[in-house]
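# A structural walkthrough
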Amino acid sequence: MERIERPEKNWKFASSDITERKYFDDYMKAYEDMLINTSTKAAPWYIVPADRKWFSRYLVSEVILEKLKEMDPKYPELSKEELESLDKWKKILEEN
């Protein structure tokens, strides 16, 4: 109703929303099945409320931060040979 009654929200209204309402339960079941069957420990889904964008973004940033802490990413380590060759490449770069 808000999308009809508030002019600034009119652009969000689509008549198809009304005709599709009768399938709401089917859509919710399909949505639930999709989440249950595709969310895994290795690749989980996160349900984030979207009615307050600032809060949604905050929650997503918290999930990312938590996952990065769990991963404990490190810079790749160079082999002994690669480390030893850095001085050679540094001298070449300095000469140019």
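Parameters at a glance
- Residues numbered from 1 in each chain as written.
- Predicted model: local features only at pLDDT ≥ 70, side-chain atom pairs only at ≥ 80, totals over all residues.
- Heavy atoms only, no water.
- Salt bridge = Lys/Arg side-chain N within 4 Å of Asp/Glu carboxyl O.
- Buried < 20%, exposed > 50% of the residue type's maximum accessible area, 1.4 Å probe, protein only.
- Helix = DSSP H or I, 4+ residues; strand = E, 2+ residues; numbered from the N terminus.
- Expected span 1.5 Å × (residues − 1).
- Bend = angle between axes of the 7 residues up to and from the residue.
- Phe/Tyr/Trp six-rings, centres within 6.5 Å; stacked < 30°, edge-to-face > 60°.
- UniProt positions renumbered as here; feature names shortened; annotations may be inferred.
- Domains from an automatic or database assignment.
- Patch = residues over 30% accessible without salt bridge, like charges linked within 9 Å, V, L, I, M, F, W, Y side chains within 5 Å.
- Areas by Shrake-Rupley, 256 points an atom, 1.4 Å probe, with all protein chains shown as cover.

You'll find the protein entered in an unreviewed UniProt entry as Polyphosphate:nucleotide phosphotransferase, PPK2 family, with Peptoniphilus harei given as the organism.

The subject of this paragraph is the pattern of salt bridges. Enumeration according to the criterion identifies six salt bridges in this entry. In this structure, the salt-bridge partner of Glu-2 is Arg-6, at a minimum N-O distance of 2.5 Å. The exposure class assigned to Glu-2 is partly exposed, which follows from its relative accessible area of 42%. Between Arg-6 and Glu-8 there is a salt bridge, with its nearest N and O atoms 2.5 Å apart. Overall, the relative accessible area of 35% leaves Arg-6 in the partly exposed class. If you follow the salt bridges from partner to partner, you end up with Glu-2, Arg-6 and Glu-8 in one network.

Let us look at helix H5 (residues 80-95). Over its 16 residues, H5 extends 24 Å from the first C-alpha to the last, a length consistent with the 22 Å expected when each residue adds 1.5 Å. Its maximal kink placed at Leu-86, H5 deviates by approximately 30°. When you tally the buried positions in H5, you get zero out of 16 residues, a small fraction of the element.

A complete count under the given rule lists three aromatic pairs for this structure. One aromatic cluster in this structure is built from Trp-54, Phe-55 and Tyr-58.

UniProt feature "domain: Polyphosphate kinase-2-related" (unreviewed entry): in the numbering of this structure it lies at residues 2-74. For residues 2-74, helix accounts for 60% and strand for 0%, while the C-alpha atoms at its two ends are 50 Å apart.

Next up on the list: the domain arrangement of the protein. Assigned domains of the protein: these are domain 1 (1-45) and domain 2 (46-95). Each of domain 1 and domain 2 has a C-alpha centre, and the two are 35 Å apart.

On to a nonpolar patch on the surface, then. Together, Tyr-23, Phe-24, Tyr-27, Met-28, Tyr-31 and Ile-47 make up a nonpolar patch on the protein surface, roughly 620 Å² of accessible area in all. Position of Tyr-27 among the secondary structure elements: in helix H3 (residues 24-38). By relative accessible area, which is 42% here, Tyr-27 ends up partly exposed.

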